[in-house]
Amino acid sequence: MQPERFRSWALWKDEFTGNLAIFCSDERFVNATLEFLRRHLGIDRCDLMVVAGGPAFIPKNETALMERLDLLLKAHEVKQVILIAHDDCGYYKHLHKGLPSQTLKEKQREDLLAAMTKVQAKGIQAKAFFAFVDSGEVVFEEVKP
Ligand SMILES: [Zn+2]
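Residues numbered from 1 in each chain as written. Predicted model: local features only at pLDDT ≥ 70, side-chain atom pairs only at ≥ 80, totals over all residues. Heavy atoms only, no water.

Draft legend 1. Spotlight on empty space enclosed by the protein. Inspection of the entire model under this criterion finds 1 cavity of 30 Å³ or more. Phe23, Cys24, Asp26, Phe29, Val30, Thr33, Ile84 and His86 together form the lining of the largest cavity. Looking at the lining of the largest cavity, the elements that each hand over two or more residues are α1 (27-40) and β3 (80-86). Within the lining of the largest cavity, the residues separate by chemical class into 5 nonpolar, 2 polar and 1 charged. (1 Å grid on protein atoms, 1.4 Å probe; cavity = no way out; pocket = protein on both sides within 12 Å on 5 of 7 lines; lining within 4 Å. Points joined across faces, edges and corners; volume = space filled by probe spheres on them. Helix = DSSP H or I, 4+ residues; strand = E, 2+ residues; numbered from the N terminus. Nonpolar A, V, L, I, M, F, W, Y, C, P; charged D, E, K, R; others polar.)

Draft legend 2. Structural view of the pairing of strand β5 (residues 137-143). Sheet topology note: the strand β4 (residues 125-134)/β5 ladder contains 7 bridges and is antiparallel. Within β5, the residue paired with Ala131 across the bridge is Phe140. The hairpin formed by β4 and β5 contains 2 residues between the paired strands, and Ser135 there has a positive phi angle of roughly 50°. (Pairing = 2+ DSSP bridges.)

Draft legend 3. Quick look at the nonpolar core. Residues Leu20, Ile22, Ile58, Leu69, Val81 and Leu83 are the most contacted members of the largest nonpolar core, which totals 23 residues. Examining the composition of this core, we find that 5 residues originate from one element, helix α4 (residues 101-120), more than from any other. Apart from residues no more than four positions distant in its own chain, Leu20 is found in contact with Cys46, Asp47, Leu48, Met49, Leu69, Leu72, Leu73, Val78, Gln80, Val81 and Ile82. With 12 residues, the next largest nonpolar core counts Ala21, Leu37, Ile82 and Phe140 among its residues. (Core = buried A, V, L, I, M, F, W, Y, C linked by side-chain atoms within 4.5 Å. Buried < 20%, exposed > 50% of the residue type's maximum accessible area, 1.4 Å probe, protein only. Contact = heavy atoms within 4.5 Å.)

Draft legend 4. Structural view of α1. For α1, with 14 residues, the first-to-last C-alpha span of 20 Å sits near the 20 Å given by 1.5 Å per residue. Residues of α1 that are buried include every one of Phe29, Ala32, Thr33, Phe36 and Leu37, and no others. One side of α1 carries all its buried residues, which in axial view fall inside an arc of 145°. Along α1, exposed side chains directed more than 90 degrees from the buried face belong to Glu27, Asn31 and Arg39. Contacts from the buried residues of α1 go to β1 (19-23), β3, β4 and β5. Of the residues one or two after α1, Gly42 is the one with positive phi, at around 70°. (Expected span 1.5 Å × (residues − 1). Arc of directions from axis to C-beta.)

So this is what it looks like as structure tokens:
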């Protein structure tokens, strides 16, 4: 008996665009984030690193994830990295228990900027954004030094 199969409608393209997006795995933001990449940044396809806390692992220099990141940057000749953090992030709430949300946002902003600096130091373009909910819609705001 043949195992069950699924055939995707997405066309196979054997190429890399040089874009990588790093964001949190929080499902509440995932669809909006993919839409933001496509509709606002014009990035139809990109590599993804989707982990709890998103780009937080970069300033923390978490070895295992940094190794994966460096591998991707090299192997897929990444030229631009999009870093996205989001409001009400469980990772930050867990890491900094009891801190007010405004303090967490400031911490996330610092981490985004630190991550951006670290990526840029590798000779790669980086942009950072913070996602939050406004009137039931997800809004992305660029974070600059
Ligand atoms: Zn999160």
